[in-house]
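Working through the structure, step by step
These are the residues of each chain, in order.
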Amino acid sequence: MSSEASPILLFSDYHTHPQGHRVQHYTQALLQPWADSARRLGLNDIAFTDHDRYHAGIDFDEINRLRERNPDLQIRAGIELDNDPIHSPAGRKWIEKHWDELDFVLGSVHFLDRPDQMFDSVPDGAAQFDDKNIDGLYTDYFRRLRELVATGLVDCLAHFDLIKIHGHRPTSGIGTLVSETLEFIRVRNLAIELSTAGWRKPVNELYPSDSILELAMEKGIPLTTASDAHSHVQLGENFANLAHKMAQLGIRQVCIFEKHKRAEVPLQL
Ligand SMILES: [Zn+2]
Ligand SMILES: [Zn+2]
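The rules behind the values
- Residues numbered from 1 in each chain as written.
- Chains lettered and ligands numbered in written order.
- Predicted model: local features only at pLDDT ≥ 70, side-chain atom pairs only at ≥ 80, totals over all residues.
- Heavy atoms only, no water.
- Salt bridge = Lys/Arg side-chain N within 4 Å of Asp/Glu carboxyl O.
- Helix = DSSP H or I, 4+ residues; strand = E, 2+ residues; numbered from the N terminus.
- Donors = N, O, S within 2.8 Å, 3.2 Å for Na, K, Ca; no water.
- Tetrahedral: all angles 85-135°; square planar, octahedral: opposite > 155°, others 65-115°.
- Phe/Tyr/Trp six-rings, centres within 6.5 Å; stacked < 30°, edge-to-face > 60°.
- Buried < 20%, exposed > 50% of the residue type's maximum accessible area, 1.4 Å probe, protein only.
- Pairing = 2+ DSSP bridges.
- Right-handed = clockwise from strand over helix to strand, strands pointing away.

**What about the pattern of salt bridges?**
With the rule as written, the count across this model stands at 20 salt bridges. For aspartate 45, the salt bridge is made with arginine 76, and the minimal N-O distance between the two is 2.9 Å. Linking aspartate 45 in strand β2 (residues 45-51) with arginine 76 in strand β3 (residues 74-81), this pair joins segments that are 31 residues apart in sequence.

**A look at the coordination of the zinc ion (ligand 1)**
Within the protein, the atoms that donate to the zinc ion (ligand 1) are Glu80 (OE), His110 (NE2) and His159 (NE2), at distances of 2.1 to 2.2 Å. Sequence positions of the donors to the zinc ion (ligand 1) reduce to the motif E-x29-H-x48-H.

**Some points on the coordination of the zinc ion (ligand 2)**
Geometrically, a metal with four donors at the corners of a regular tetrahedron has ideal angles of 109.5 degrees, and one with six donors at the corners of a regular octahedron has ideal angles of 90 or 180 degrees. Each protein donor to the zinc ion (ligand 2) is listed here as His15 (NE2), His17 (NE2), Glu80 (OE) and Asp228 (OD); together their distances run 2.0 to 2.3 Å. Because the angles between the four donor atoms bound to the zinc ion (ligand 2) fall within 80 to 166 degrees, the donor set is best described as irregular. Donor residues binding the zinc ion (ligand 2) come from one chain and are separated in sequence as H-x1-H-x62-E-x147-D.

**What about the packing of aromatic side chains?**
Applying the stated criterion across every chain, the model contains nine aromatic pairs. Measuring from centroid to centroid gives 5.4 Å for phenylalanine 142 and phenylalanine 160, while their planes differ by 50 degrees, and the two rings are tilted. Of this pair, phenylalanine 142 sits in helix α4 (residues 134-150) while phenylalanine 160 sits in the loop between β5 (156-157) and α5 (175-187), and the two are 18 residues apart along the sequence. With respect to class, phenylalanine 142 is no different from phenylalanine 160; both count as buried.

**Quick look at the pairing of β2**
Each regular strand shows side chains that alternate between the opposite faces of the sheet. Counting buried positions along β2 gives seven out of seven residues, so the element sits mostly inside the fold. Bridge count between strand β1 (residues 12-13) and β2: two bridges; the pairing is parallel. The residue bridging serine 12 from the neighbouring strand is aspartate 45, located in β2. A crossover links β1 with its parallel partner β2, the connecting element being helix α1 (residues 28-41), and its sense is right-handed. With helix α2 (residues 60-69) bridging β2 and the parallel β3, this β-α-β connection has right-handed handedness.

**So, the pairing of strand β4 (residues 104-107)**
Burial of the side chains of β4 extends over both faces: Phe104 and Leu106 are buried on one face and Val105 and Gly107 on the other. Pairing of β3 with β4 involves four bridges; the strand directions are parallel. The residue bridging isoleucine 79 from the neighbouring strand is valine 105, located in β4. This β-α-β element, β3 to helix α3 (residues 88-98) to β4, shows right-handed connectivity. With two bridges joining them, β4 and β5 adopt parallel strand pairing.

This is how it looks when you write it as structure tokens:
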């Protein structure tokens, strides 16, 4: 086997944005290309997780119709709950109202001090790091992540160390900060995702980094696989690299969700 070969088969992508970055009402025309991409890639379990500020576009009837049209796929109804100070209060209410219809809720910190700009906007968000104490920003980010966990409204944390996106690194060790945050997640029995999105960002690294991932594994925190695709052509992006890394680290199972109920699935060689 060449070193490029993927030794394990990934089958699930639990972070996708059919609407992209605007409200687009769910229709079969919008959603079917995602099912087609999944099938082509050999993925049989995908979750739609549009940002909560676009919740008006989500239509559970259309998701059900898509399920009927694609019985070979598991299609999960999900959402990504941000810490958007302007829109997420309404998003939280919507999630509470539709909790029983949702399979899966991702939790994400995209906002630091500026209420009008996601810090992970590329390249504009990098300006939020100018002249700032980077250790302070990391501390603030993980504090906000714990606040989001404490809402009790999320099943899984997205891109756990997104704060590194533009390549800023803390000067002192953040082991304790990370460890405490992971412990917070473990105690609440939540999952985190392995997100290939970091490989297409300036930091060019998996979310989370190897050291964080090893700590999460030690704690037995369950993992999902995710691309954070904003177009169906990004679905499962870099999954061969991810599979390779998972094999190196000895990760042999991932978790899936149905109506917020988690199951661990062994990966096939
Ligand atoms: Zn996100
Ligand atoms: Zn996302």
